[in-house]
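The lines below spell out each chain.
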Amino acid sequence: MDMETVKQWFTLDHILALLEQYRSFGVLPGIAATLLESFFPILPMVVFVMANAAAFGLWKGFFISWFGASLGSLLVFWLTRKVGQKRFFHFVRRHPKVRQFMHWIERHGFGPLFLLYCFPFTPSALVNIVAGLSRISRQQFILAVLLGKMIMVFTISFIGYDLVALVRQPLRTAMIAAAVFLLWYAGKRVEARFSLTEKRESEGDGE
């Protein structure tokens with residue numbers, strides 16, 4: 001299977017066709033798609049959320065995607081906590097960048113996790129694993145996931161709910177594109193702020 005075939009498989013039209021094909025299973029395919037993205041970050045979360053909103057309606061699609069995405073993150077966190085001492089995770093834990101991220105999460109708790117989960121382009125699978133390896137409390141993690149994913153999923157659901165309007169109303173399309181860009185930019189700024197803070201602290205420890 002070449003890359004072009006893979007891209008066609010995960011287009012919005014194809015996902016909508018699959019949801020229609022398996023409509024007899026109810027909301028399960030929509031939940032499964034957003035849940036699996038937490039384990040396999042290569043999957044296009046944005047496309048899944050937009051497809052759920054277009055197929056099931058704004059609010060129902062939103063709740064389906066929010067439930068699946070949140071449940072997936074919580075499962076990855078729980079599994080990482082359970083097997084975090086295994087060889088693979090021990091190797092990951094020793095990686096300098098992972099250790100820096102873990103310490104950052106442990107020091108700041110809910111705030112940075114909430115912000116990261118608000119952004120649709122955050123590699124949430126990595127964030128879930130690092131949070132699981134850290135000493136952050138389960139309560140803080142659960143709250144950050146539920147609230148952050150709520151904002152992220154609703155934003156994308158709103159975009160995907162009325163796809164026709166995106167074509168017929170170019171001004172609205174431009175505004176949405178600008179909002180998506182701002183979310184992406186804000187996520188990059190948070191990432192850069194994290195890197196700068198860790199660099200300064202590392203230099204301070206070295207003195």
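Each value, and the rule that gives it
Residues numbered from 1 in each chain as written. Predicted model: local features only at pLDDT ≥ 70, side-chain atom pairs only at ≥ 80, totals over all residues. Heavy atoms only, no water. Helix = DSSP H or I, 4+ residues; strand = E, 2+ residues; numbered from the N terminus. Buried < 20%, exposed > 50% of the residue type's maximum accessible area, 1.4 Å probe, protein only. Contact = heavy atoms within 4.5 Å. Core = buried A, V, L, I, M, F, W, Y, C linked by side-chain atoms within 4.5 Å. Phe/Tyr/Trp six-rings, centres within 6.5 Å; stacked < 30°, edge-to-face > 60°. Axes fitted to C-alpha atoms, helices over the stretch in contact; angles between N-to-C directions. Left-handed = near helix turned anticlockwise from the far one by under 90°. Nonpolar A, V, L, I, M, F, W, Y, C, P; charged D, E, K, R; others polar. Salt bridge = Lys/Arg side-chain N within 4 Å of Asp/Glu carboxyl O. Patch = residues over 30% accessible without salt bridge, like charges linked within 9 Å, V, L, I, M, F, W, Y side chains within 5 Å. Areas by Shrake-Rupley, 256 points an atom, 1.4 Å probe, with all protein chains shown as cover. Parallel < 35°, antiparallel > 145°, perpendicular 65-115°, else oblique. Expected span 1.5 Å × (residues − 1).

Caption draft 1: A look at the overall build of the chain. Broken down by element type, the chain carries twelve helices and zero strands. Each helix and strand of the chain, placed in order from N terminus to C terminus, yields the pattern α-α-α-α-α-α-α-α-α-α-α-α. Looking at the chain as a whole, 39% of its 207 residues qualify as buried. The contacts of the chain with a sequence gap of at least 6 include a subset with a gap of at least 24, amounting to 76%.

Caption draft 2: Expanded view of the nonpolar core. Grouped together as the largest cluster of nonpolar side chains are 21 residues, with contacts concentrated most on Ile15 and Val153. Looking at which element gives the most residues to this core, the answer is helix α4 (residues 45-56), with seven residues. Filtering out sequence-adjacent residues up to four positions away, valine 153 remains in contact with Val49, Phe62, Ser65 and Trp66. With 15 residues, the next largest nonpolar core counts Val130, Leu133, Phe141 and Ala144 among its residues.

Caption draft 3: Seen up close, the packing of aromatic side chains. Enumeration over the complete set of coordinates arrives at nine aromatic pairs. Aromatic side chains tryptophan 59 and phenylalanine 62 sit 6.2 Å apart centroid to centroid with 85° between the ring planes, which places their arrangement in the edge-to-face category. Pair noted here: tryptophan 59 and phenylalanine 62 are both in helix α5 (residues 58-83), with a separation of three residues, about one helical turn. Judged by relative accessible area, phenylalanine 62 falls into the buried class, the value being 5%.

Caption draft 4: Molecular detail of the packing of α5 against helix α10 (residues 138-161). For the pair α5 and α10, the least separation of the axes is 8 Å and the interaxial angle reads 145°. Two packed elements cross with a definite hand, and for α5 against α10 that hand is right-handed. Judged by residue contacts, Leu58, Trp59, Phe62, Ser65, Trp66, Ala69, Ser70, Ser73, Leu74, Phe77 and Arg81 of α5 engage Arg138, Phe141, Ile142, Val145, Leu146, Lys149, Met150, Val153, Phe154, Ser157, Phe158 and Tyr161 from α10. The class makeup of the residues in the contact of α5 with α10 is 16 nonpolar, four polar and three charged.

Caption draft 5: Representation of the pattern of salt bridges in the model. The tally for this structure, following the rule as stated, stands at one salt bridge. Here glutamate 20 makes a salt bridge to arginine 23, at a shortest N to O gap of 3.2 Å.

Caption draft 6: Region of interest: the environment of isoleucine 15. Assignment of secondary structure puts isoleucine 15 in helix α2 (residues 12-21). For the pair formed by isoleucine 15 and phenylalanine 48, sequence separation is 33 residues and the distance between their alpha carbons is 7.2 Å.

Caption draft 7: Structural view of a nonpolar patch on the surface. Taken together, the side chains of Leu36, Phe39, Phe40, Ile42, Leu75, Trp78 and Leu79 make up a nonpolar region of the molecular surface, amounting to roughly 700 Å² of accessible area. Broken down by element, the residue count for the nonpolar patch peaks at three residues, all from α5. Assignment of secondary structure puts leucine 75 in helix α5. Residue leucine 75 is classed as partly exposed on the basis of its relative accessible area of 32%.

Caption draft 8: Region of interest: the packing of helix α8 (residues 110-118) against helix α9 (residues 124-133). α9 packs onto α8 with a crossing angle of 160° between their chain directions and a minimal axis gap of 10 Å. As summarised for this structure, α8 and α9 are arranged roughly antiparallel, according to the angle between their axes. As for how α8 packs across α9, the hand of that crossing is left-handed. Taken together, the residues of α9 that come into contact with α8 (itself represented by Leu113, Leu116 and Tyr117) are Ser124, Val127 and Asn128.

Caption draft 9: Structural view of the environment of leucine 71. Note on placement: leucine 71 falls in helix α5. Overall, the relative accessible area of 29% leaves leucine 71 in the partly exposed class.

Caption draft 10: Looking closely at the side chain of serine 124. When you line up the elements, serine 124 lands in helix α9. Apart from residues lying up to four places away in sequence, serine 124 is in contact with Glu37, Tyr117 and Lys149.

Caption draft 11: α4, seen in detail. For α4, spanning twelve residues, the distance from its first C-alpha to its last is 16 Å, which sits close to the expected 16 Å at 1.5 Å a residue. Most of α4 sits out of view: nine of its twelve residues are buried. Those residues of α4 that fall on the buried side of the exposure criterion are Met45, Val47, Phe48, Val49, Met50, Ala51, Asn52, Ala53 and Phe56. Within two residues after α4, glycine 57 carries a phi angle of roughly 100°, on the positive side.

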